[in-house]
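Here are the chains, one letter per residue:
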Amino acid sequence: MARYIGPKSKIARRFGEPIFGADKVLSRRNFPPGQHGLFTKAAKSDGITGEVLLQSLESRLDNVVYRLGIAPTRAAARQLVGHKHIVVDGKVVNIPSYSVKPGQVVGVREKAKSLEVIENALAGFNHSKYPWLEWDENTKSGKYLHLPERADIPENIKEQLIVELYSKA
């Protein structure tokens, strides 16, 4: 019989019991593993739940960096944020899930402006693509103007199906 070498704390959190022995993680996190709070916040807020959920996803820092064209992919945007190459209102933020508020300025850190990845991504990008973002080429920064409308979000997502899925729980 093989020995289990996977994430023991995650399994224990899933069942809510210390099945692999005493574990201090259960006392700190007494909820199951996974993403928490995003759908709950969208459901409690005013407006259509699916649209509010998409708006909150669009306001994540890693997504704003991707939409501004600073990174070629969302994964690259997440890495740029995590490696402290991005500033929000002049302060370094390294949390990809940081929620950008309307009026905040998201830019490239001074030391990172010469990075090849950033220069290549910015070179071939149409910055007037999204009406809720405004790009300034001189400072290599963009302003998050307002929450996007559902019609402005280009992804073909059926948010009603997502709402139905999470409503069952």
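Residues numbered from 1 in each chain as written. Predicted model: local features only at pLDDT ≥ 70, side-chain atom pairs only at ≥ 80, totals over all residues. Heavy atoms only, no water.

S.K.: An account of the nonpolar core is requested, with residue identities and associated values reported.
M.R.: Ranked by internal contacts, the top residues of the largest apolar core, which has 24 residues, are Leu-61, Val-65, Ile-70, Ile-86 and Val-106. Elements with a minimum of two residues in this core: α5 (61-68), α6 (74-82), β1 (86-88), β3 (105-108), α7 (116-123) and β4 (133-136). In this structure, Ile-86 is in contact with Leu-61, Val-65, Ile-70, Leu-80, Val-81, Lys-91, Val-92, Val-93, Val-106 and Gly-107, ignoring residues within four places of it in sequence. (Core = buried A, V, L, I, M, F, W, Y, C linked by side-chain atoms within 4.5 Å. Buried < 20%, exposed > 50% of the residue type's maximum accessible area, 1.4 Å probe, protein only. Helix = DSSP H or I, 4+ residues; strand = E, 2+ residues; numbered from the N terminus. Contact = heavy atoms within 4.5 Å.)

S.K.: Can you tell me about the pairing of strand β5 (residues 141-144), naming the residues and giving the values?
M.R.: Where β3 and β5 come together, 3 bridges link them in antiparallel fashion. From the neighbouring strand, Val-106 faces β5, where its bridge partner is Gly-142. One ladder, built from 4 bridges, connects β4 with β5; its direction is antiparallel. By the bridge assignment, Glu-134 is partnered in β5 with Lys-143. (Pairing = 2+ DSSP bridges.)

S.K.: Lay out unusual backbone geometry with the relevant residues and their values.
M.R.: For Lys-84, which is not glycine, the phi torsion reads 65 degrees and is therefore positive. Within the secondary structure, Lys-84 sits in the loop between α6 and β1. Residue class for Lys-84 comes out partly exposed when judged on its relative accessible area of 41%. Although it is not a glycine, Lys-140 adopts a positive phi angle of roughly 50 degrees. Within the element layout of this structure, Lys-140 appears in the loop between β4 and β5. Using a relative accessible area of 16% as the deciding quantity, one classes Lys-140 as buried.

S.K.: Give me the pairing of β3: which residues, what numbers.
M.R.: Of the strand pairs in this sheet, β1 and β3 are connected by 3 bridges, and their pairing is antiparallel. If you follow Val-87 over to β3, its bridge partner there is Gly-107.

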